[in-house]
Amino acid sequence: MSLKGTLAVVVGGSRGLGRGAVEALAARGAGVVVVGRDASSLAALAGEVKGTIPVAGDASDERLAERVLREHDPDLVVVCAGAVPVMRAFHELTWDEFQVNWQADAKIAFGWLRHALRRPMKRGSHVVVISSGAAIQGSPVSGSYASAKRAQWFMAEYAATEIGRADLGLRVHCVLPMLNASTALGREGIAAYAERAGVSAQEFAKRFDPPLTTAIFGAAIADLAEDPDRWPQRAYRLAGTGLSAVP
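Residues numbered from 1 in each chain as written. Predicted model: local features only at pLDDT ≥ 70, side-chain atom pairs only at ≥ 80, totals over all residues. Heavy atoms only, no water.

Let us look at the packing of aromatic side chains. Within the structure shown, the criterion is met by seven aromatic pairs. Look at Phe 154 and Tyr 158: their rings are 6.0 Å apart centre to centre, the planes differ by 20 degrees, and that puts the pair in the stacked class. One end of the pair, Phe 154, and the other, Tyr 158, are both in helix H7 (residues 145-166), four residues apart, so they sit about a helical turn from each other. Taken together, the ring pairs in this structure connect Trp 95, Phe 98 and Trp 102 into an aromatic cluster. In this structure, Arg 150 packs its charged tip against the face of Phe 154, placed 5.1 Å from the ring centre. (Phe/Tyr/Trp six-rings, centres within 6.5 Å; stacked < 30°, edge-to-face > 60°. Helix = DSSP H or I, 4+ residues; strand = E, 2+ residues; numbered from the N terminus. Lys NZ or Arg CZ within 6 Å of the ring centre and 35° of its normal.)

What the eight strands build is an open sheet, ordered E3-E2-E1-E4-E5-E6-E7-E8; its pairing is mixed. The open sheet terminates on both sides in strands that have one partner only, identified here as strand E3 (52-56) and strand E8 (242-245). Averaged over all neighbouring strand pairs, the angle between strand axes comes to 20 degrees, with direction disregarded. Across the sheet, helix H10 (residues 214-226) lies against strand E4 (76-79), strand E5 (126-130), strand E6 (171-177), strand E7 (235-239) and E8, angled at about 150 degrees from E5, the strand it touches most. (Pairing = 2+ DSSP bridges. Axes fitted to C-alpha atoms, helices over the stretch in contact; angles between N-to-C directions. Contact = heavy atoms within 4.5 Å.)

Attention now moves to the nonpolar core. Within the largest apolar cluster, 38 residues are counted, with the highest numbers of intra-cluster contacts made by Val 9, Val 11, Val 35, Val 77, Trp 112 and Val 127. Elements with a minimum of two residues in this core: strand E1 (7-11), strand E2 (31-36), helix H3 (62-72), E4, helix H5 (100-118), E5, H7 and E6. The element best represented in this core is H5, accounting for seven residues. Excluding residues that lie within four positions of it along the chain, Val 35 makes contacts with Val 9, Val 10, Val 11, Gly 12, Gly 13, Leu 42, Val 55, Leu 64 and Trp 112. Counting residues in each nonpolar core, the second largest holds 32 residues, with Val 10, Val 34, Ile 221 and Tyr 236 among its members. (Core = buried A, V, L, I, M, F, W, Y, C linked by side-chain atoms within 4.5 Å. Buried < 20%, exposed > 50% of the residue type's maximum accessible area, 1.4 Å probe, protein only.)

So, about the pattern of salt bridges. As enumerated under the stated definition, the model contains 17 salt bridges in all. Across the pair Arg 28 and Asp 223 runs a salt bridge whose closest N-O atoms are separated by 2.9 Å. Placement of the pair is Arg 28 in the loop between helix H1 (16-27) and E2 and Asp 223 in helix H10, with a sequence separation of 195 residues. Owing to a relative accessible area of 27%, Asp 223 belongs among the partly exposed residues under this scheme. Close ionic contact of Arg 70 with Glu 66 constitutes a salt bridge, the shortest N to O distance being 2.9 Å. With Arg 70 and Glu 66 both in helix H3 and four residues apart, this pair spans about one turn of that helix. (Salt bridge = Lys/Arg side-chain N within 4 Å of Asp/Glu carboxyl O.)

Shown next, in the form of structure tokens:
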């Protein structure tokens, strides 16, 4: 389908991969509600990308999720927000440092999926949860990050099960981007793993060539939204070469 005349919500869309989704969706004709913490960054984005509506707030606040879904009634929700973990081996972390991503990434996905189903969103609507390649192979220097990302994947599966049981007519995808230098989190991760491997960050990053960029990410999200029937699997890995199904 064409995205012209549709409305998307991108949760965590003011920077990094989320901004790539905002730009791609807007370029294909969708209006985009952008949810983020930093009002100044959101205002700057609204001035640079036509068709965007800034909403400042904490993405982990379920009251915000409920309000945005109720007031805007979107056709698409992309859940991309999360926290940058403390990059150290798990035994060098305090419990509070370790659990950062459970309280951010997992909680955010839970709240937005929960309210998408409880409202529910109108039939034919689509939710895309952004997890991580770490949900597949783990991430031993980032505390709860990998397990929080795996939980997001599970929640997407649970949501799809309940959508089917209640015949809500909604679609759910989970996208797992591979490690990349397009975000602060990715750059910190590359630096941390490069140090463990005894190589430079630039050399370590070559393991992920061709690199995943914000433009590639945005195009993939827009492709999922435009033609969801082309993507029958629940979960897709996303690298610089594009989307590939996770068995």
